[in-house]
Protein chains: 4
Amino acid sequence: MGGTMDDTRQRRRGDTRRRIQDVALELFAEQGYEKTSLREIAERLDVTKAALYYHFKTKEEILVSIFEDLTQPIEDLVEWGRRQPHTLETKQEIVRRYADTLTQAAPLFRFMHENQATVRDLRIGESFKARIHTLREIIVDPDADLIDQVRCASAIYTLHAGMFLLQDVGDDPEERNKAVLEVATDLVTQAHRGAGGS
Amino acid sequence: MGGTMDDTRQRRRGDTRRRIQDVALELFAEQGYEKTSLREIAERLDVTKAALYYHFKTKEEILVSIFEDLTQPIEDLVEWGRRQPHTLETKQEIVRRYADTLTQAAPLFRFMHENQATVRDLRIGESFKARIHTLREIIVDPDADLIDQVRCASAIYTLHAGMFLLQDVGDDPEERNKAVLEVATDLVTQAHRGAGGS
Amino acid sequence: MGGTMDDTRQRRRGDTRRRIQDVALELFAEQGYEKTSLREIAERLDVTKAALYYHFKTKEEILVSIFEDLTQPIEDLVEWGRRQPHTLETKQEIVRRYADTLTQAAPLFRFMHENQATVRDLRIGESFKARIHTLREIIVDPDADLIDQVRCASAIYTLHAGMFLLQDVGDDPEERNKAVLEVATDLVTQAHRGAGGS
Amino acid sequence: MGGTMDDTRQRRRGDTRRRIQDVALELFAEQGYEKTSLREIAERLDVTKAALYYHFKTKEEILVSIFEDLTQPIEDLVEWGRRQPHTLETKQEIVRRYADTLTQAAPLFRFMHENQATVRDLRIGESFKARIHTLREIIVDPDADLIDQVRCASAIYTLHAGMFLLQDVGDDPEERNKAVLEVATDLVTQAHRGAGGS
DNA sequence: AATGAATGAGGTTTCATTCAT
DNA sequence: AATGAATGAAACCTCATTCAT
């Protein structure tokens, strides 16, 4: 054999689309969506801007595609939660799994968190908000005390904050994540009790 | 009486700077910093772009000036907190006052919250972060249990979230604010107990 | 005695016009005419741009006024030369005096030299060129050999170059100026001989 | 044969970069660097301003690229001179070749000459100055009499002046150039003798 | 004698996007 | 699967100038 094409190129063959997504997400998360230009993405990948347009119709579509690819776990979680009994254990499990998901796709969620003004009028904005909303509804039923609803929202939001805002708290990331999870679980537990859960 | 100069102009004399800040903040909060152009601000005020540059050296300076003007209450709060004994009552009072401040300058804080990626590398980013950090330090001492530190951070972020993310929870904003405040106070109280407070 | 006005201001009273010229020339010479803005001049003087317009009608007028004030010696020299017999001594004397003038008003001539493209279509351009031309005509008569005409032109430009381009030649400025003057005188002398001077 | 694409476009394909340089140099030389806007260049070429930025990163880069392309002959000349024995003949040859180079790329050197204030703080300023300096060092050794060094500088400067400042001397450009070259050669010859050359 | 406020024109630069090849 | 060349719109910003006070 002995093709003339060098290995790097060979390995890259066909996964340019994925590489675009990776680099784009990295830059979006680091600098924000508006401040990341297609030129920058293209340069990092050592391709031309036009190449990006072979794989995606617009800049927004790059983001949408990333979102859709990485967000499946949350969709699954929502689906799973919907079919469970609304016991305390379920709720705690959801918090645990949600924390997991956030960790798994940290850059995306960091991006969503830090670019809310931008995301708001992108196509994905509404859909993301809806998903979080559903999650909340599962954890606390909409007829519960206002204060317990707030507790649940706060639990979710604490998980987000744990990912992105608490990087100066504590030394060991693992320990911190555990602490964050515990606080969130606590909040949900209190909400459950308040709402008359057993 | 009845000079020849029309009233609108007269009233505007001398407060253009303030009007620029007002309109700018409104638009920044609504659309985000990057997506708001100076053209837009100028058009709303019915002045030329160059007029903006008479009052502010750069676009960023407009934001900085808003930030500095509206953020004084937090500085005061930090200062006040620093001089109080670290009792539970102090902590609760701080939470209460902080909630108040957020409400007072809601558009600015909404902006800060939704444009973190942008704010991060603006001049104000670090300074804001530092202030929040100090606030946290007053509420819980940095040697406390990790979990209590997280609780305090969570309390602060709950207040933020209350402002901006919970608009679909409950019907009455007043009631919701009360609930948010209660949850935050709760978290701080728990943290205080955990940290060995009386 | 015992005025409330501080000395600096007092002393400045009435000579703002001159101070504007001084600062303007300094900046024009240093950075070029186009790259020096009225804002910059005003800031250095600690007055507003509008103040400049009290003293001068336009930016160009500032330059014109400087030119007219500092250029009198050349006008005088031309006038003087016109009335002298065209002997070698006269020519040498003109070179000497011209060198002197250049040194006296170095910043202006440096400016003229380094901003020819700009000066060309300012009002002063033609008038300056005409003066240099007359000077040349006195030194060599227009019917002389082409080569001697060039020698004379070269003499004059050597003086210019001496001011501005030879700053890396030799150590002692005084010595250098003497050398420059000697070369120029030489050229004129050769031209005079060639043209059949006695 | 006889494609549908019109000839003009076809001929332009691939040489836009060159055409930008040509038009830019023409305008820079005619009006000066600062007074020439990218809009003007683009309009003359019947392309958009953005097209210029496809080919060059900044306005300055357009100039730099022109400079680098047209200035090679001087670099070559310096290189050549460096390897020759420092005889009178070599020096005269250098003057001759330098005059040639100036004629070849007259617009560029006219530009450099008339925009010194501008060029000074552009990237090319230092590099140009260094080259002229080296040229001078070859013609006269730096330890020679000050007066001979001045003579050499004057020779070089006479060549420049011949290009741009003597357009009103004599009728026939060819004749004038010959005269200029002779004066410059003379100066170098005198300098050589003075420096103790054979 | 000078300021404060503003303008209109225009500057350089960047961006997302297109399309023939 | 990707490039080279270009565009149209718009961004931020600066400038010389004006004028009522």
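Here the structure is a predicted model, which means the values were calculated and not measured.

Asks: Explain the interface of chain A and chain B here, please?
Replies: When the parts of a complex come together, some accessible area is lost, and that lost area is often used as the size of the interface. Opposite the 41 residues of chain A that make contact, chain B presents 41 residues. Summing both sides of the interface, chain A and chain B together bury roughly 3,400 Å²; the carbon and sulfur share of this comes to 59%. Looking only at chain A, the three residues that lose the most surface to chain B are A:Leu146, A:Val150 and A:Tyr157, adding up to 16% of its buried area. Counting across the interface, chain A meets chain B through 8 salt bridges. Two residues, A:Glu34 and B:Lys35, come together in a salt bridge whose shortest N-O distance is 3.4 Å. The tally of links between chain A and chain B comes to 16 residue pairs in polar contact (both at pLDDT 80 or more). Broken down by secondary-structure element, the contributors of at least two residues to the side of chain A that touches chain B are helix H2 (16-31), helix H8 (106-114), helix H9 (116-120), helix H10 (123-139), helix H11 (146-164) and helix H12 (173-194) of chain A. Broken down by element, the residue count for the side of chain A that touches chain B peaks at 10 residues, all from H11(A). Classifying every residue of the side of chain A that touches chain B gives 15 nonpolar, 12 polar and 14 charged.

Asks: What's the story with the relation of the copies chain D and chain C in this structure? I'm lost.
Replies: Mapping between the two chain copies consists of a rotation about an axis together with a translation along that axis. For the pair chain D and chain C, the superposition axis carries a translation of 0.0 Å, the fit reaches an RMSD of 0.1 Å, and the rotation angle comes to 180 degrees. Interpreted geometrically, this transformation is the action of a two-fold axis. Taking the C-alpha atom as reference, chain D places D:Asn115 closest to the rotation axis, 2.8 Å from it. An overlap of 100% is found between the interface residues of chain D and their copies at the interface of chain C, pointing to a shared contact surface.

Asks: What is the right way to look at the relation of the copies chain A and chain B in this model?
Replies: In screw terms, the move from chain A to chain B is a rotation of 180 degrees and a rise of 0.0 Å along the axis, fitting with an RMSD of 0.1 Å. In this assembly, 100% of the residues forming the interface of chain A have copies in chain B that are likewise at the interface, indicating an isologous arrangement.

Asks: Even after reading the chapter, I still don't get the packing of H2(A) against helix H3 (residues 38-45) of chain A, so can you show me in this structure?
Replies: How two helices pack is summed up by the angle between their axes together with the distance between the axes. Residue and element names in this part refer to chain A. For the pair H2 and H3, interaxial distance at closest approach is 10 Å and the crossing angle is 130 degrees. It follows that H2 is oblique to H3 by the angle criterion. Where H2 crosses over H3, the handedness of that crossing is right-handed. Across the interface between the two elements, Arg19, Ile20, Val23, Ala24, Glu26, Leu27, Phe28, Glu30 and Gln31 of H2 pack against Glu40, Ile41, Arg44 and Leu45 of H3. Its residues assigned to classes, the contact of H2 with H3 shows 7 nonpolar, 1 polar and 5 charged.

Asks: Looking at this structure, I do not really get the side chain of A:Arg151. What am I missing?
Replies: Assignment of secondary structure puts A:Arg151 in helix H11. On the basis of relative accessibility, which here comes to 10%, the residue A:Arg151 falls in the buried class.

Asks: Explain the protein's contact with DNA strand F here, please?
Replies: In the neighbourhood of DNA strand F, 35 residues make up the surrounding shell, with A:Thr48, A:Tyr54, B:Tyr53, D:Tyr54 and D:His55 lying closest. In DNA strand F, atoms within 4 Å of the protein come 65% from sugar and phosphate. C:Leu38 is positioned such that a nitrogen or oxygen atom in its backbone is 2.9 Å from a phosphate oxygen of DNA strand F. At the level of elements, helix H4 (49-55) of chain A, helix H3 (38-45) and helix H4 (49-55) of chain B, helix H3 (38-45) and helix H4 (49-55) of chain C together with helix H4 (49-55) of chain D are the ones that each hand at least two residues to the surface near DNA strand F. Split by residue class, the surface near DNA strand F holds 15 nonpolar, 12 polar and 8 charged.

Asks: Any chance you could explain the interface of chain D and chain C here in plain terms?
Replies: Across the contact, 41 residues belong to chain D and 41 residues belong to chain C. Note on chain D versus chain C: buried area summed over both sides is about 3,400 Å², and carbon and sulfur give 58% of it. It is D:Leu146, D:Val150 and D:Tyr157 that lose the most area in chain D upon contact with chain C, and together they represent 16% of the buried surface on that side. Counting across the interface, chain D meets chain C through 8 salt bridges. Between D:Glu114 and C:Arg120 there is a salt bridge whose closest N-O contact spans 2.3 Å. In this assembly, chain D and chain C are joined by 16 residue pairs in polar contact (both at pLDDT 80 or more). Sorting the residues of the side of chain D that touches chain C by element identifies helix H2 (16-31), helix H8 (106-114), helix H9 (116-120), helix H10 (123-139), helix H11 (146-164) and helix H12 (173-194) of chain D as the ones contributing at least two each. Looking at which element gives the most residues to the side of chain D that touches chain C, the answer is H11(D), with 10 residues.

Asks: Teacher, can you tell me more about the arrangement of the chains here?
Replies: The two units chain B and chain C are non-contacting; their minimal C-alpha-C-alpha distance is 12 Å. There is a gap between chain A and chain D: no contact, and a shortest C-alpha distance of 12 Å.

Asks: In this structure, what is going on with the protein's contact with DNA strand E? I would like to understand it.
Replies: Taken together, 35 residues lie around DNA strand E, and A:Lys59, B:Tyr54, B:His55, C:Thr48 and D:Tyr53 are the ones closest in. Of everything in DNA strand E that lies within 4 Å of the protein, sugar and phosphate atoms constitute 65%. Interatomic distance of 2.9 Å between a backbone N/O atom of D:Leu38 and a phosphate oxygen of DNA strand E. Contributing elements (two or more residues each) for the surface near DNA strand E: H3 and H4 of chain A, H4 of chain B, H4 of chain C together with helix H3 (38-45) and H4 of chain D. Here the surface near DNA strand E is composed, by residue class, of 15 nonpolar, 12 polar and 8 charged.

Asks: Is there a simple way to think about the UniProt feature "DNA-binding region" (unreviewed entry) in chain A in this case?
Replies: Residues annotated in UniProt with the feature "DNA-binding region" (unreviewed entry) correspond here to residues 37-56 of chain A. Summarising residues 37-56 of chain A: 75% helix, 0% strand, and an end-to-end C-alpha distance of 14 Å.

Asks: Looking at this structure, how should I read a negative patch on the surface?
Replies: Residues and elements named next belong to chain A. On the surface, a cluster of negative charge is made up of Asp171, Asp172, Glu174 and Glu175. Structurally, the position occupied by Asp171 is in the loop between H11 and H12. Asp171 gets classed as exposed once you look at its relative accessible area, which sits at 79%.

Asks: What exactly am I supposed to notice about the packing of aromatic side chains here?
Replies: To describe a pair of aromatic rings, you give the distance between the ring centres and the angle between the ring planes. Considering all chains together, one arrives at 16 aromatic pairs over all chains under this definition. With a centroid separation of 5.9 Å and an interplanar angle of 75 degrees, the aromatic rings of C:Phe67 and C:Phe128 are classed as edge-to-face. Highlighted residues: C:Phe67 in helix H5 (residues 59-70) and C:Phe128 in helix H10 (residues 123-139), separated in sequence by 61 residues. A single burial state applies to C:Phe67 and to C:Phe128, both of which are buried. Note on C:Phe128: relative accessible area 12%, which makes it buried. Aromatic ring contacts, followed pair by pair, group A:Phe28, A:Tyr33 and A:Phe111 into a single cluster. If you follow B:Lys59 out to its NZ or CZ, it ends over the ring of B:Tyr33, 4.4 Å from the centre.

Asks: In this structure, what is going on with helix H2 (residues 16-31) of chain B? I would like to understand it.
Replies: Structural remark: α-helix, 3.6 residues per turn; residues separated by three or four positions point the same way. Across its 16 residues, H2(B) extends 22 Å between first and last C-alpha, which sits within 8% of the 22 Å expected from 1.5 Å per residue. Directly beyond the C-terminal end of H2(B), a positive phi value near 95 degrees is found at B:Gly32.

Asks: Quick question: what am I supposed to make of the nonpolar core here?
Replies: When a protein is soluble and globular, its nonpolar side chains tend to lie buried together. Counting 129 residues, the largest nonpolar core has C:Ile41, C:Tyr98, D:Ile41 and D:Tyr98 as the members making the most contacts within it. Ranked by size, the runner-up nonpolar core spans 127 residues in total, among them A:Val64, B:Leu38, B:Ala153 and B:Val188.

Asks: I keep staring at the environment of B:Met163 and nothing clicks. Help me out?
Replies: Residue and element names in this part refer to chain B. Here Met163 is to be found in helix H11 (residues 146-164). Spatially, the C-alpha atom of Met163 lies 26 Å from that of Lys59, the residues being 104 residues apart in sequence. With near-sequence residues (within four places) excluded, Met163 lies in contact with Leu102, Thr103 and Asn177.

Asks: Can you walk me through the environment of C:Gly81 in this structure?
Replies: You can see C:Gly81 is positioned in helix H6 (residues 72-83). Between the alpha carbons of C:Gly81 and C:Thr134 there is a distance of 9.5 Å; along the sequence they are 53 residues apart.

Criteria and thresholds
- Residues numbered from 1 in each chain as written.
- Chains lettered and ligands numbered in written order.
- Predicted model: local features only at pLDDT ≥ 70, side-chain atom pairs only at ≥ 80, totals over all residues.
- Heavy atoms only, no water.
- Contact = heavy atoms within 4.5 Å.
- Buried area = accessible area lost by both parts, 1.4 Å probe.
- Salt bridge = Lys/Arg side-chain N within 4 Å of Asp/Glu carboxyl O.
- Polar contact = N/O pair within 3.5 Å; in protein donor to acceptor, adjacent residues only side chain to side chain.
- Helix = DSSP H or I, 4+ residues; strand = E, 2+ residues; numbered from the N terminus.
- Nonpolar A, V, L, I, M, F, W, Y, C, P; charged D, E, K, R; others polar.
- Least-squares fit on C-alpha atoms with pLDDT ≥ 70 in both.
- Axes fitted to C-alpha atoms, helices over the stretch in contact; angles between N-to-C directions.
- Parallel < 35°, antiparallel > 145°, perpendicular 65-115°, else oblique.
- Left-handed = near helix turned anticlockwise from the far one by under 90°.
- Buried < 20%, exposed > 50% of the residue type's maximum accessible area, 1.4 Å probe, protein only.
- Near = heavy atom within 4 Å.
- UniProt positions renumbered as here; feature names shortened; annotations may be inferred.
- Patch = residues over 30% accessible without salt bridge, like charges linked within 9 Å, V, L, I, M, F, W, Y side chains within 5 Å.
- Areas by Shrake-Rupley, 256 points an atom, 1.4 Å probe, with all protein chains shown as cover.
- Lys, Arg positive; Asp, Glu negative; His and termini not counted.
- Charge placed at Lys NZ, Arg CZ, Asp CG, Glu CD.
- Phe/Tyr/Trp six-rings, centres within 6.5 Å; stacked < 30°, edge-to-face > 60°.
- Lys NZ or Arg CZ within 6 Å of the ring centre and 35° of its normal.
- Expected span 1.5 Å × (residues − 1).
- Core = buried A, V, L, I, M, F, W, Y, C linked by side-chain atoms within 4.5 Å.

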